[in-house]
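Letter by letter, the chains look like this.
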Amino acid sequence: HVVVIKYVPHVADSKRAMDEYSSEIFMGGSNTIVIHNTCEDSLLAAPIILDLCILMELCERIEIKKDGQVSFQRFHPVLSLLSYLLKAPLVPSGTPI
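Caption draft 1: Spotlight on the overall build of the protein chain. On a plain count of helices and strands, the protein chain comes out with one helix and four strands. The secondary structure elements of the protein chain, listed N-terminal to C-terminal, are β-β-α-β-β. Relative to its 97 residues, the protein chain shows a buried fraction of 9%. Partitioning the contacts of the protein chain with sequence separation of at least 6, the portion at a separation of at least 24 is 21%.

Right under this line is the structure:
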């Protein structure tokens, strides 16, 4: 398995990918399917941005209370939970990431 990523300035925001799948077919023959894909990078990111917004809204509505505490506490709207979707989320000071 080989992955090659090259920067091509004239492509701009579009990303191009070529995937090649090979398989063995009837009587020892081989079959190769090659897929050339061109997509806008910003369109690829749109679904994860929507997921982030929905997750933040959900976490904003949740309140928790540990044993012995009198009142409920709210989650911070940007949780370490978001680290599953981002490289370095913004979280309250002291939050374990």
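Caption draft 2: Structural context of the pairing of strand β2 (residues 30-40). Bridging between strand β1 (residues 14-24) and β2 involves eleven bridges; their strand directions are antiparallel. Paired with Lys15 across the bridge in β2 is Cys39.

Caption draft 3: Structural detail: unusual backbone geometry. You will see that Met27, though not glycine, has its phi angle at about 55°, which is positive. The residue Met27 is located in the loop between β1 and β2 in this model.

Caption draft 4: Up close: the environment of Leu52. For Leu52, the position within the fold is in helix α1 (residues 41-61). A relative accessible area of 10% places Leu52 in the buried class. When the C-alpha positions of Leu52 and Leu85 are compared, they lie 7.6 Å apart, and in sequence the two are 33 residues distant.

The rules we used
All residue numbers refer to position in the chain's written sequence, counted from 1. In view of the model being predicted, local features appear only for residues whose pLDDT reaches at least 70, and side-chain atom pairs are presented and counted only at 80 or more, with totals across whole chains, interfaces and linings using the full set of residues. Hydrogens and water are ignored here; the side-chain numbers use all heavy atoms of the structure. A helix here means a DSSP run of H or I that spans at least four residues, while a strand means a run of E at least two residues long, and both kinds are numbered starting from the N terminus. Whether a residue is buried, partly exposed or exposed follows from its accessible area with a 1.4 Å probe, protein chains only, as a fraction of its type maximum: under 20%, in between, or over 50%, in that order. Contacts between residues were defined by any pair of non-hydrogen atoms, one from each residue, lying within 4.5 Å. In short, DSSP must find at least two bridges between two strands for them to pair.

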